[in-house]
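# Overview (structure and organization)
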Amino acid sequence: MNKEIFTQTERKQLVASYRTLLSLLGGQLESNDCARMRRFIGEAYAADAPVRHDRFGFHALCSRLDTAVCLCRSLSADRNMCLAIVLSAVAGEAVPVQKVAGEWGDDVAKMVTGIEKVSSLYSKSASVESDNFRKLLLTFAQDIRVIIIMIVDRLRLMRQINHHPAQKLVHDTAMEANYLYAPLAHRLGLYAIKSELEDMSLKYSNREVYDHIAQQLNQTKARREAYIRDFIAPLKAKLEAEGLKFEIKGRTKSIYSIWNKMKKQHNTVEDIYDLFAIRIVIDCPLEREKSECWLAYSVVTDMYRPNPGRLKDWVSIPKSNGYESLHITVYGPEERWVEVQIRTHRMDVIAEKGLAAHWKYKGIKSESSLDQWMNNVRDILEAGQNGPMELMRNFKMDVYSREVFVFTPRGDLYKLPQGATLLDFAFNIHTRLGCQCVGGRVNGRNRKLNYVLESGDTIEIFTSQIQEPSRDWLSIVVTSKARNKIRAVLKENENRSAEIGKELLQRRLKNRKFDYDEAAVSRLITKLGYKDTIAFFSALGCDEIQINDVVDQYVELVSRQARVEEEVRVSASEYTLQPVADDTADTAGADDVIVIGDNIKGINYRLAKCCNPIYGDDVFGFISAEGVIKIHRCDCPNAGHIRQRYGYRLIRTRWSGKGGAQFGATLRVVGKDDIGIVTNITSIINKEKSVTLRSISIDSNDGIFDGVLTVGIADTAALNQLIKKIKTVKGVKNVQRN
């Protein structure tokens, strides 16, 4: 490799990470993997592959090696995943993915492609407010290993940016880790990574709160450890007496978790009663796991009084992300509540390293629980069609929702989020069953669609062939899958009805000897108050409005338009120009500054509101149906349409004299939403003697200022001068005339 590719520090980091990775992968690597990887990367840089750096300035290859090391340490070593991570640092234009596939196989190339897609989206700033956010999640959902890699990569990045000088970038990265990567880690059961991401996110986004809680925990550490020792000692002796092989330890809750409890309970750190949890990890064969977990449970509850309402049994029915454990809260010494977690060594591995580790250890590419997880992610993505914020709400709602467990009459078990209804259950079984659902029988009693399910319910669904989803159903269901399916059926039905309605209107008009005119139909739709053509034709197809009434109104509209056009179908040269009868005409001012035709003044004219011409603009006159001449700018948005359709009603027009009157002009100002930007803009306008500010409308979104200003101004020269001055305001990016 060329020396210029790495700094001395980066070279040392590269060598150290490379050696660590080889040690962690151990026997998984093939005999020539190391030599091939070095040759491949060397050839990439020799072929002028770009020396990539991320947004923080970290060298791509160094970062990728660190990510691979982090993957091995946080989860487990995986040859193909580590190769994909490292090779993605140089894959691209200089080294096409096809070459990766030829050298390392399709499996590695597929992951490299996924990593590259995600990286390209981040170069476009995939924030939650943008469409890239949804594309990012869709890319994730193609391969679960890409999800794992990107979560671990974000963990690596968060560990590296603690003292990075780009504080705004650090803050944004921390928020992104909290709203996207921590929930993804939660879904996969990567609780250790989730907690670390949340803690670091709080640290970078609100360091004062983080430091305060950390300091409080440090001050009480000795007292807390002494309490844990006193709690564990008699419990340990009792468990040993029962012949159990186990490990027992205390674990302090994460700082982010404590902060959430402080907000919810409105308490200080000292008042949070469950700052820590006791974990009992049992070593036993797979067939004895449940019996020994419940034996340990009986020992704990014999010694300390339990709170039955706080029992969480994820041993009998594991969570959807594979988590298995028994949780119980007991009343310990000093009248303090203590949470005790009971699990086996196998369960602990899955709890620490997630469902992905479970899948990895089983040596297969997929299993039913993983398929269900991936399908659930895709359902949420599909349900986010109405915008990124709804997608984010559905995503987080589904991530952290609790579950209810219900049964079919045959005894099949299904999991749904807490609050799910009978209709949610029907859609969860099958889309057709949900669409035709009319109710059901729950535990032997007939229930309506909106019945809220409870754990243990046995449900039988009733259907009808004539039943169809209605818009009211959207307020009944809570799962993203059901909501998405209902919307899809409603949209399909609306489009089908719209086709029927349009055909019906065309046929009736043909019977009345009238042509179907899209422009006339659009005017009629607007007149009837419908938001779009689909809604109008759907209402027509569903008989919500009478076809005969619509046809009558269409005929009247077209006939009236034809009469008006016939009345004014004279050329501009034959048109009798009428003088102004009074001084109420909507003109620019008292002095006539418009010359129409052959130097004729005193004509009734109006300045068109669609383009607001001012003195100095290139203009033309248009004889309207009312007989009034409207003055348009030559670059008016409607100019092309007017010239094409009503060329016979145009008349030559120009400005006269020196002007002097004030005209209305609208400016759009776009820039950064800095403090004082509005004051600075209005100050410039107020200092201009010949300019008056008539109105101002401001919109601010995601740090972008978007203002629309209407000013009174004498001519185009003054307007151009004003635009130049506004552009000098700090933060203003663009000023243009509407």
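## Details of the overall build of the chain
Scanning the chain for helices and strands turns up 26 helices and 21 strands. Buried positions account for 46% of the 738 residues belonging to the chain. Restricting the contact set of the chain to residue pairs at least 6 apart, pairs at least 24 apart contribute 67%.

## Concerning the packing of aromatic side chains
One pass over the structure, following the stated rule, counts 14 aromatic pairs. Taken together, a centroid distance of 6.3 Å and an interplanar angle of 20° make the contact between Phe 56 and Phe 58 stacked. Given the relative accessible area of 8%, Phe 56 is considered buried. For Phe 58, a relative accessible area of 22% gives the class partly exposed. Put simply, the rings of Tyr 191, Trp 314 and Tyr 323 pair up and form one aromatic cluster. In this arrangement the basic side chain of Arg 336 is found over the ring face of Tyr 227, its NZ or CZ atom lying 4.7 Å from the centre.

## Observations concerning the packing of helix H10 (residues 191-205) against helix H13 (residues 255-265)
Across the interface, H10 lies against H13 with an axial gap of 7 Å and an inter-helix angle of 70°. The angle between H10 and H13 falls in the class roughly perpendicular. From H10, Glu 198, Asp 199 and Leu 202 reach across to H13, where they touch Ile 255, Tyr 256 and Trp 259. The residue inventory of the contact of H10 with H13, partitioned by class, reads 4 nonpolar, no polar and 2 charged.

## Considerations on the side chain of Gln 341
Within the secondary structure layout, Gln 341 lies in strand S6 (residues 336-344). Since its relative accessible area comes to 3%, Gln 341 is described here as buried. Looking at Gln 341, its side chain comes within polar contact range of the side chain of Arg 343, at 3.3 Å. Residues contacting Gln 341, with those up to four places away along its chain left out, are Arg 251, Ala 277, Ile 278, Arg 279, Ile 280, Ser 325, Leu 326 and His 327.

## A closer look at the sheet that holds strand S11 (residues 459-463)
Pairing in this open sheet of 3 strands is antiparallel, and the strands run S10-S9-S11 from one edge to the other. The sheet is open, and its two edges are formed by strand S10 (445-447) and S11, each paired on a single side. Ignoring strand direction, the axes of neighbouring strands in this sheet form an average angle of 30°. Bridge analysis of strand S9 (residues 437-442) against S11 gives 5 bridges, and the strand direction is antiparallel. From the neighbouring strand, Gly 439 faces S11, where its bridge partner is Phe 462. Relative to S9, helix H18 (residues 422-429) is tilted by about 105°, and along the sheet it contacts S9, S10 and S11.

## What about unusual backbone geometry?
Backbone geometry places Asn 443, a non-glycine residue, at a positive phi of 55°. Within the secondary structure, Asn 443 is located in the loop between S9 and S10. Positive phi values are uncommon outside glycine, yet Asn 612 reaches one of about 45°. Positionally, Asn 612 belongs in the loop between strand S13 (605-607) and strand S14 (619-623). With a relative accessible area of 28%, Asn 612 lands in the partly exposed category.

## So, the nonpolar core
Judged by nonpolar contacts, the single largest core of 69 residues is most densely connected at Leu 21, Val 100, Ile 151 and Ile 193. Of all the elements, helix H8 (residues 144-160) adds the most residues to this core, at 11 residues. Ignoring any residue separated from it by four or fewer positions in sequence, one finds Ile 151 in contact with Tyr 181, Leu 184, Ala 185, Leu 188, Leu 190, Ile 193 and Leu 197. By size, the runner-up hydrophobic cluster in this structure holds 38 residues, among which are Leu 239, Ile 272, Ile 282 and Tyr 297.

## So, the pattern of salt bridges
Counted according to the given criterion, the structure contains 26 salt bridges. Residue Arg 36 is joined to Asp 33 by a salt bridge in which the shortest nitrogen-to-oxygen separation is 3.0 Å. Here Asp 33 and Arg 36 lie together in helix H2 (residues 33-46), a separation of 3 residues that amounts to about one turn. The exposure class assigned to Arg 36 is buried, which follows from its relative accessible area of 15%. On the basis of relative accessibility, which here comes to 1%, the residue Asp 33 falls in the buried class. Between Lys 194 and Glu 198 there is a salt bridge whose closest N-O contact spans 3.3 Å. Residue Lys 194 and its partner Glu 198 are both found in helix H10; the two are separated by 4 residues, about one turn of the helix. Each member of the pair Lys 194 and Glu 198 is classed as buried. Counted as one network, the salt bridges with shared partners bring together Glu 30, Asp 33, Arg 36, Arg 39, Arg 79 and Glu 103.

## So, the environment of Val 349
Considering the arrangement of structural elements, one finds Val 349 in helix H15 (residues 345-362). Its relative accessible area of 21% is what places Val 349 among the partly exposed residues. For the pair Val 349 and Leu 75, spaced 274 residues apart in sequence, the C-alpha to C-alpha distance is 9.3 Å.

## Here's the deal with the packing of helix H25 (residues 677-687) against helix H26 (residues 716-727)
In contact at an axis separation of 10 Å, H25 and H26 are set at 150° when each is read in the N-to-C sense. Classified by chirality, the crossing of H26 by H25 is right-handed. Residues Ile 681, Ile 684 and Ile 685 of H25 lie in contact with H26, whose contacting residues are Leu 722, Lys 725 and Ile 726. A class-by-class count of the residues in the contact of H25 with H26 yields 5 nonpolar, no polar and 1 charged.

## So, the sheet that holds S14
Here 4 strands make up an open sheet; going across it, the order is S13-S15-S14-S16 and the pairing mixed. The open sheet has two free edges, formed respectively by S13 and strand S16 (650-651), since each of these has just one partner strand. Alignment of S14 against strand S15 (residues 629-633), held across 5 bridges, turns out to be antiparallel. Residue pairing across strands places Phe 622 opposite Lys 630, the latter belonging to S15.

## Some words on a nonpolar patch on the surface
Nonpolar side chains collect at one region of the surface, where Leu 693, Ile 696 and Ile 698 lie side by side and expose about 220 Å² of accessible area between them. Note on placement: Ile 698 falls in strand S19 (residues 692-701).

## Considering the environment of Met 262
Following the sequence through the fold, Met 262 ends up in helix H13. Judged by its relative accessible area of 16%, Met 262 falls in the buried class. For Met 262 and Ile 272, which are 10 residues apart along the polypeptide, the C-alpha to C-alpha distance reads 7.2 Å. Excluding residues that lie within four positions of it along the chain, Met 262 makes contacts with Ile 213, Asn 267, Thr 268, Val 269 and Ile 272.

## Looking at the pairing of S9
Sheet topology note: the S9/S10 ladder contains 3 bridges and is antiparallel. From the neighbouring strand, Val 442 faces S10, where its bridge partner is Arg 445.

## Considering the environment of Thr 220
Looking at the secondary structure, you find Thr 220 in the loop between helix H11 (207-219) and helix H12 (221-241). Within the structure, Thr 220 has its side chain in polar contact with the backbone oxygen of Gln 216 (distance 3.1 Å).

Calculation rules
- Residues numbered from 1 in each chain as written.
- Predicted model: local features only at pLDDT ≥ 70, side-chain atom pairs only at ≥ 80, totals over all residues.
- Heavy atoms only, no water.
- Helix = DSSP H or I, 4+ residues; strand = E, 2+ residues; numbered from the N terminus.
- Buried < 20%, exposed > 50% of the residue type's maximum accessible area, 1.4 Å probe, protein only.
- Contact = heavy atoms within 4.5 Å.
- Phe/Tyr/Trp six-rings, centres within 6.5 Å; stacked < 30°, edge-to-face > 60°.
- Lys NZ or Arg CZ within 6 Å of the ring centre and 35° of its normal.
- Axes fitted to C-alpha atoms, helices over the stretch in contact; angles between N-to-C directions.
- Parallel < 35°, antiparallel > 145°, perpendicular 65-115°, else oblique.
- Nonpolar A, V, L, I, M, F, W, Y, C, P; charged D, E, K, R; others polar.
- Polar contact = N/O pair within 3.5 Å; in protein donor to acceptor, adjacent residues only side chain to side chain.
- Pairing = 2+ DSSP bridges.
- Core = buried A, V, L, I, M, F, W, Y, C linked by side-chain atoms within 4.5 Å.
- Salt bridge = Lys/Arg side-chain N within 4 Å of Asp/Glu carboxyl O.
- Left-handed = near helix turned anticlockwise from the far one by under 90°.
- Patch = residues over 30% accessible without salt bridge, like charges linked within 9 Å, V, L, I, M, F, W, Y side chains within 5 Å.
- Areas by Shrake-Rupley, 256 points an atom, 1.4 Å probe, with all protein chains shown as cover.

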